[in-house]
Amino acid sequence: MKGEVGVKKRAAKTAKSFTLFGLLCLCLVLGLAACDLSFGGGGTGLTKEVHIYENSFSPDRLQVKVGTIVEWKNLNTVAHTVTSDIDLFDSGPLEYTGTYRVSFTRTGTYGYHCSLHPLVHGSIVVVP
Ligand SMILES: [Cu+2]
């Protein structure tokens, strides 16, 4: 009897772990969802990071080559968004350590801001 109780306990623990694992996967999938400004053409496979820190994007102006994936990471405990000035992409609220990616496959200057703090803005300059 004692043994049976032990087995049941273990089974319950495993089920709990699976639930946690499922939640983690869901967060990961949501967190890694990338917006693709793709209009054909291959990528460089490069990823450049922009940090959101102390109410600013750092660097606030980033030049990248066509095909680069830019990943924003919020290092503020306050939520921020990465929102295109002309509605090309929008991360929605990013919590602390939340990330958002956009693949830039077309040259141009892409201005963006935080929709929660409109004074916080930056730009990505995509060159050939
Ligand atoms: Cu903000």
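Everything discussed here concerns the structure shown above.
Residues numbered from 1 in each chain as written. Predicted model: local features only at pLDDT ≥ 70, side-chain atom pairs only at ≥ 80, totals over all residues.

Asker: What is the right way to read the overall build of the chain from this model?
Answerer: The helix and strand inventory of the chain stands at 1 helix and 9 strands. When each of the 128 residues of the chain is scored for burial, the buried share is 20%. Residue pairs in contact within the chain that sit at least 24 positions apart in sequence constitute 54% of those at least 6 positions apart. (Helix = DSSP H or I, 4+ residues; strand = E, 2+ residues; numbered from the N terminus. Buried ≥ 20, exposed ≤ 12 C-beta atoms within 10 Å, placed from the backbone. Contact = placed C-beta atoms within 7 Å.)

Asker: I would appreciate a short explanation of the sheet that holds strand β9 (residues 121-127) in the present structure.
Answerer: Remark on secondary structure: sheet strands pair via backbone hydrogen bonds, oriented parallel or antiparallel. Read across the open sheet, the 4 strands follow the order β4-β9-β8-β6; overall the sheet is mixed. Strands with a single pairing partner mark the edges of an open sheet, and in this sheet they are β4 (61-65) and β6 (83-84). By the bridge criterion, 2 bridges tie β6 to strand β8 (residues 108-113) in an arrangement that is antiparallel. Considered in β8, the bridge of Ser 84 is made with Tyr 112. (Pairing = 2+ DSSP bridges.)

Asker: Just checking my understanding: could you explain unusual backbone geometry for this structure?
Answerer: For residues besides glycine, phi is generally negative; the peptide bonds are generally trans as well. Of note, the amide linkage connecting Ser 58 to Pro 59 takes the cis form, showing an omega dihedral of 0°. Relative to the elements of secondary structure, Pro 59 occurs in the loop between β3 (56-58) and β4. The backbone phi angle of Glu 54 is positive, close to 45°, even though this residue is not glycine. When you line up the elements, Glu 54 lands in the loop between β2 (47-53) and β3. Of note in the backbone geometry, Asn 55 takes a positive phi value of approximately 55° without being a glycine.

Asker: So what exactly am I meant to see when it comes to the environment of Asn 74 here?
Answerer: Among the structural elements, Asn 74 can be located in strand β5 (residues 68-74). What makes Asn 74 buried here is the crowd of 23 C-beta atoms within 10 Å. Remark: the alpha-carbon pair of Asn 74 and Thr 99, spanning 25 residues in sequence, is separated by 6.5 Å. Excluding anything up to four places from it in sequence, Asn 74 contacts Ile 52, His 80, Leu 94, Glu 95, Tyr 96, Thr 97 and Gly 98.

Asker: When you look at the pairing of β8 in this model, what are you seeing that I'm missing?
Answerer: On any regular strand, side chains alternate: one points to one face of the sheet, the next to the other face. Of the strand pairs in this sheet, β8 and β9 are connected by 6 bridges, and their pairing is antiparallel. Looking at β9, one finds that Thr 109 is bridged to Val 125.

Asker: Could you clarify how one ought to interpret the nonpolar core in this entry?
Answerer: A general feature of soluble globular proteins is that nonpolar side chains tend to end up buried together. Membership of the largest hydrophobic core comes to 17 residues, with the highest contact counts inside it found for Val 70, Trp 72, Phe 104, Tyr 110 and Ile 124. Looking at this core, the elements that each hand over two or more residues are β2, β5, β7 (99-104), β8 and β9. Per-element tally for this core: the top contributor is β7, with 3 residues. Apart from residues lying up to four places away in sequence, Tyr 110 is in contact with Ser 84, Leu 88, Phe 104, Ser 123, Ile 124 and Val 126. (Core = buried A, V, L, I, M, F, W, Y, C linked by C-beta atoms within 7 Å.)

Asker: What is the right way to read the environment of Leu 116 from this model?
Answerer: By the element assignment, Leu 116 lies in the loop between β8 and β9. Residue classification places Leu 116 among the partly exposed residues on the basis of 13 C-beta atoms within 10 Å. Excluding its chain neighbours within four sequence positions, the residues that come into contact with Leu 116 are Ala 79, His 80, Thr 81 and Pro 93.

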